[in-house]
2 protein chains.
Amino acid sequence: MRADVTDTATTRALPHPGPAEIRLEAVLHALSDPIRLSIVRDLAGTPDELACSYFDLPVTKSTTTHHFRVLREAGVVRQTYRGTAKMNGLRGEELEGLFPGLLDSVLTAAAAEEARRAGSGPPADGAAAGPDRAEAV
Amino acid sequence: MRADVTDTATTRALPHPGPAEIRLEAVLHALSDPIRLSIVRDLAGTPDELACSYFDLPVTKSTTTHHFRVLREAGVVRQTYRGTAKMNGLRGEELEGLFPGLLDSVLTAAAAEEARRAGSGPPADGAAAGPDRAEAV
DNA sequence: CTGTTCGTACGAGAACCACCGTAGTACATC
DNA sequence: GATGTACTACGGTGGTTCTCGTACGAACAG
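Residues numbered from 1 in each chain as written. Chains lettered and ligands numbered in written order. Predicted model: local features only at pLDDT ≥ 70, side-chain atom pairs only at ≥ 80, totals over all residues. Heavy atoms only, no water.

Draft legend 1. Main features of the protein's contact with DNA strand D. The environment of DNA strand D is made up of 23 residues, and the closest members are S62, H66 and H67 of chain A together with R69 and K86 of chain B. Considering the 4 Å shell around the protein, atoms of DNA strand D inside it are sugar or phosphate in 74% of instances. Within the side chain of H67 of chain A, a nitrogen or oxygen atom sits 2.5 Å from a phosphate oxygen of DNA strand D. In the model, a phosphate oxygen of DNA strand D is placed 3.2 Å from a nitrogen or oxygen of the S53 of chain B main chain. (Near = heavy atom within 4 Å. Polar contact = N/O pair within 3.5 Å; in protein donor to acceptor, adjacent residues only side chain to side chain.)

Draft legend 2. View of the nonpolar core. Ranked by size, the top nonpolar core spans 59 residues in total, and within it V76 of chain A together with V76 of chain B carry the most contacts. Discounting chain neighbours no more than four positions away, the residues touching V76 of chain B are V27, A30, V40, L71, G89, L90, R91 and L95 of chain B. (Core = buried A, V, L, I, M, F, W, Y, C linked by side-chain atoms within 4.5 Å. Buried < 20%, exposed > 50% of the residue type's maximum accessible area, 1.4 Å probe, protein only. Contact = heavy atoms within 4.5 Å.)

Draft legend 3. Structural detail: the protein's contact with DNA strand C. Around DNA strand C, a shell composed of 23 residues is seen, among which T65 and K86 of chain A together with T60, H66 and H67 of chain B lie nearest. Atoms of DNA strand C within 4 Å of the protein: sugar and phosphate make up 74%, bases the balance. Contact distances for DNA strand C include 3.0 Å between a base nitrogen and a side-chain N or O atom of K61 of chain A. One of the backbone N or O atoms of T60 of chain B is found 2.7 Å from a phosphate oxygen in DNA strand C. Sorting the residues of the surface near DNA strand C by element identifies helix 3 (61–74) and strand 3 (85–90) of chain A together with helix 2 (34–44) and helix 3 (61–74) of chain B as the ones contributing at least two each. The residue makeup of the surface near DNA strand C, split by class, is 6 nonpolar, 11 polar and 6 charged. (Helix = DSSP H or I, 4+ residues; strand = E, 2+ residues; numbered from the N terminus. Nonpolar A, V, L, I, M, F, W, Y, C, P; charged D, E, K, R; others polar.)

Draft legend 4. Layout of the interface of chain A and chain B. Taken together, the contact pairs 32 residues of chain A with 29 residues of chain B. Counting each side, the surface lost to burial between chain A and chain B is near 2500 Å², with a carbon and sulfur contribution of 61%. Summed over the shared surface of chain A and chain B, the number is 2 salt bridges. A salt bridge links R23 of chain A to E113 of chain B; the shortest N-O distance between them is 3.4 Å. Secondary-structure elements contributing two or more residues to the side of chain A that touches chain B are helix 1 (24–31), helix 2 (34–44), strand 2 (77–82) and helix 5 (102–120) of chain A. (Buried area = accessible area lost by both parts, 1.4 Å probe. Salt bridge = Lys/Arg side-chain N within 4 Å of Asp/Glu carboxyl O.)

Draft legend 5. Here's a closer look at the packing of aromatic side chains. Residues and elements named next belong to chain A. A full pass over the atoms with the stated rule returns 4 aromatic pairs over all chains. Relative to F55, the ring of Y54 lies with its centre 5.5 Å away and its plane at 90°, an arrangement referred to as edge-to-face. With a relative accessible area of 43%, Y54 lands in the partly exposed category. Put simply, the rings of Y54, F55 and F68 pair up and form one aromatic cluster. (Phe/Tyr/Trp six-rings, centres within 6.5 Å; stacked < 30°, edge-to-face > 60°.)

Draft legend 6. Region of interest: the relation of the copies chain A and chain B. Overlaying chain A on chain B yields an RMSD of 0.1 Å, the required transformation being a rotation through 180° with an accompanying axial translation of 0.0 Å. What the rotation and shift describe, once combined, is the action of a two-fold rotation axis. Looking at chain A, 78% of its interface residues are interface residues in chain B too, so the copies touch through the same face. (Least-squares fit on C-alpha atoms with pLDDT ≥ 70 in both.)

Draft legend 7. Summary view of the pairing of strand 3 of chain A. All names here are of chain A. Within strand 3, 5 of the 6 residues are buried, leaving the element largely enclosed by the surrounding structure. In this sheet, strand 3 lies alongside strand 1 (residues 50–51) in antiparallel orientation, the contact comprising 2 bridges. Bridging from a neighbouring strand, L50 pairs with N88 of strand 3. Both strand 2 and strand 3 contribute to a ladder of 6 bridges, which runs antiparallel. Paired with V77 across the two strands is L90, which belongs to strand 3. (Pairing = 2+ DSSP bridges.)

Printed below as a string of structure tokens:
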């Protein structure tokens, strides 16, 4: 039994790539999926860490786990266990150090595209410009 | 044999997405492939348009065609026929208008990663400490 | 201990993608 | 017309990714 774990509750450790292991292509690929991009946008919108169960994604739990794993292995998010929950935090500072401005411009672009899409597309029926949590970056 | 072509030489037109059709995910996906990223970097390094045959890629011509098609359909490059050659130009201004700073930060990131890779690979030690600092959480 | 909640592992199937080789089109030149 | 160049389309293969369902493990409240 490893008694070397100094922490109390967070014993299950997850493998994360170090800053030198993070590959640009992997980051871009991780961000090129709509579901993962929405996760990243949500994470960027709050200073807190969010549990996996917080996200309301149109896929099953298995698939959600898969997407979070891709994000973690690409070096985009950091995951830590906290009781039964797994908390997710954006590795914003590290990414900024490696690729200055990249994450920010992607988030801005995502917001711009969403605004563009919402502004010129939807006039079909009632619900106009749903004010569902505007991600102000 | 259609002789109805009104233009002189360069009339074979290729389908390009309009600015409103360009999707962020598609752009990120197009840039997440090493070969395509190197193409984009080459294009960004020159003000001229470059023929497909200019590039020295480690794949066959069929695959090269495939990659250029992906870039074109994502809205990253513009392709025009010029005699037998097909010239490729970056759609930099349009992308800048849609996603300000995105292309620039990706190019900067690619250059940074290449420098990092070239600089810290061979030497046993250098500036940065070990590749993986234990993830202190 | 029992049950609940949260997330993972394991298959497994469908879709996609990168890659290739061959055959074919379009253009320029001879 | 014949030859050569530049690129495309088609067909196919192997690998990866996305998705799911089910079964399992870890933490916690009774």
